[in-house]
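# Chain and residue survey
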Amino acid sequence: MSEDPLSEEGDKAIDLSDIRPEDGLVLVIFWVLAAVVFLQFFSRYVLNDSIGWTEEIARYLLIGVTFVGAGLAVRKNSHIAVEFFYRYLPGVWGRAFSTFVDLLRVVFFAACTWITAKLALRTNQKMASIELGKDVVYWVVFAAFVAMTLYALRVAWRHWRQGYSALTRPGGRQMID
C-alpha cells in the first residue's frame, strides 16, 4: 500500500525564523502591485476602457518591490556570488578576498545611498497620472539603500567575527538575526 501524498503526517515543520517585520513591507507592496496590475488587466480587457494611472503606478510599485526586496536579500546574504575561485584558493587568500568583497559591497551600497539622496533632492517633477512627486519613488529607493548598507555592515561584521563567509564555506548557515 502506497503512502498518501496528501497526508499531513509526512509534512516537515515550516521554519519561519528568518522572517522579520520589515519583510511584511515587501509583501504589502507586492500585493498592492498585484491588485493594480489586475485592475489594469480587468479594465483594459473586460471593461474595454483602460484606467490611465495603473500602468505608471505599477511601474513605481515594481521599483519599490525590487529595491525593498533587495534589502531582504542583503540581510539574508543571499545575493548571487561566484564561488568557483574560492574553492581553489588557500584559506588565507579566500578570507582576504571574502573580506574585500564584504567591504566593497558596503562601499557600493553607501555610494548608491548618497547618489539616490542627491537625485531625490533634485527631483521636482510630478507623476504623469496622479498629483504626487516622483521624488517619493527615489526616497523609497533611498530608504532601501540605507537598509542595504546597514545590513551589509552587519554581514561584514559577522563574517569578520566568525572568520568565514558563505564564499569560503558554502552551505553554512549565513542568515543574520
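Because the structure is predicted, anything quoted here is derived from the model rather than measured. (Residues numbered from 1 in each chain as written. Predicted model: local features only at pLDDT ≥ 70, side-chain atom pairs only at ≥ 80, totals over all residues. Heavy atoms only, no water.)

Glancing now at helix α4 (residues 135–162). Look at α4: 40 Å from first C-alpha to last across 28 residues, which is about the 40 Å you get at 1.5 Å a residue. Elements that come into contact with the buried residues of α4 comprise α2 (53–75) and α3 (91–122). Directly after α4, the chain includes glycine 163, whose backbone phi takes a positive value near 90°. (Helix = DSSP H or I, 4+ residues; strand = E, 2+ residues; numbered from the N terminus. Expected span 1.5 Å × (residues − 1). Contact = heavy atoms within 4.5 Å.)

Here we take up the environment of alanine 73. Structurally, alanine 73 is set in helix α2. On the accessibility criterion, alanine 73 (16% relative accessible area) is buried. Considering only alpha carbons, one finds alanine 73 and tyrosine 151, 78 residues apart in sequence, at a separation of 9.4 Å. Discounting residues that sit within four places of it in the chain, alanine 73 has contacts with Ser78 and His79. (Buried < 20%, exposed > 50% of the residue type's maximum accessible area, 1.4 Å probe, protein only.)

This next bit is on the pattern of salt bridges. The final tally for this structure, using the stated rule, is 4 salt bridges. Here arginine 75 makes a salt bridge to aspartate 23, at a shortest N to O gap of 2.7 Å. Of this pair, arginine 75 sits in helix α2 while aspartate 23 sits in helix α1 (residues 23–46), and the two are 52 residues apart along the sequence. Exposure class is identical for arginine 75 and aspartate 23. Each is buried. A network of salt bridges, in which partner residues are shared, links Glu22, Asp23 and Arg75. (Salt bridge = Lys/Arg side-chain N within 4 Å of Asp/Glu carboxyl O.)

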